[in-house]
Amino acid sequence: MKQEAQCSCGQLKAIVDCEITKTSICHCFECQKRTGSAFGIQIRVEQDKVLIEGGSTTFKRTGDSGGVATFHFCPKCGSTVYWELDGMPGSIVIAAGSFANPKLPSPTFMVYGNRMHHWLTMPESAVEYFMT
Ligand SMILES: [Zn+2]
Ligand SMILES: [Zn+2]
């Protein structure tokens, strides 16, 4: 079943042609800044299962571990729809909220729990993976 992720204005799309089985949460400050929300939530799929439509501007960011993420956001409305990680070639990470689908699977893991907003409660399905 195809599922479509898109930016706020609809110009930039990532169309996924496989089942979405996992979501994950990141509480890091960079994800908080990127989303403007308390945490980032995303899915990862194989690149050959994703069709990108529309144009994007990119922003590269080096993470704590030294890995580089290349974020693709809509030049018109600014929403980040997807990104690539240099440590995971062949994969695309897509912002879960871009699907506007509240039925995506519950998160199976989370990182940067030490930066989680104090009022949040995570679902039991979200196993914490500690970043060093
Ligand atoms: Zn847009
Ligand atoms: Zn993050």
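Residues numbered from 1 in each chain as written. Chains lettered and ligands numbered in written order. Predicted model: local features only at pLDDT ≥ 70, side-chain atom pairs only at ≥ 80, totals over all residues.

So, the overall build of the chain
Working step 1: Assigned secondary structure in the chain consists of one helix and 11 strands.
Working step 2: For the chain, the α and β elements follow one another from N to C terminus as β-β-β-α-β-β-β-β-β-β-β-β.
Working step 3: Whereas a compact globule of 132 residues would reach a radius of gyration of roughly 14 Å, the chain reaches 14 Å, a difference of no more than 12%.
Working step 4: Seen through its C-alpha atoms, the chain measures out along the principal axes to roughly 35 × 30 × 25 Å.
Working step 5: With 132 residues in all, the chain has 27% of them scored as buried.
Working step 6: Long-range pairs, those at least 24 residues apart, make up 50% of the contacts in the chain between residues at least 6 apart in sequence. (Helix = DSSP H or I, 4+ residues; strand = E, 2+ residues; numbered from the N terminus. Rg over C-alpha atoms; globule rule 2.2 N^0.38 Å. Buried ≥ 20, exposed ≤ 12 C-beta atoms within 10 Å, placed from the backbone. Contact = placed C-beta atoms within 7 Å.)

Quick notes on the nonpolar core
Working step 1: Membership of the largest hydrophobic core comes to 18 residues, with the highest contact counts inside it found for Ala5, Ala14, Val81, Tyr82, Ile94 and Ala95.
Working step 2: Elements supplying a minimum of two residues to this core: strand E2 (13-16), strand E4 (40-46), strand E8 (80-85) and strand E9 (91-95).
Working step 3: Examining the composition of this core, we find that four residues originate from one element, E9, more than from any other.
Working step 4: Core analysis: the second largest hydrophobic core is formed by six residues, Ile25, Cys26, Phe39 and Met110 among them. (Core = buried A, V, L, I, M, F, W, Y, C linked by C-beta atoms within 7 Å.)

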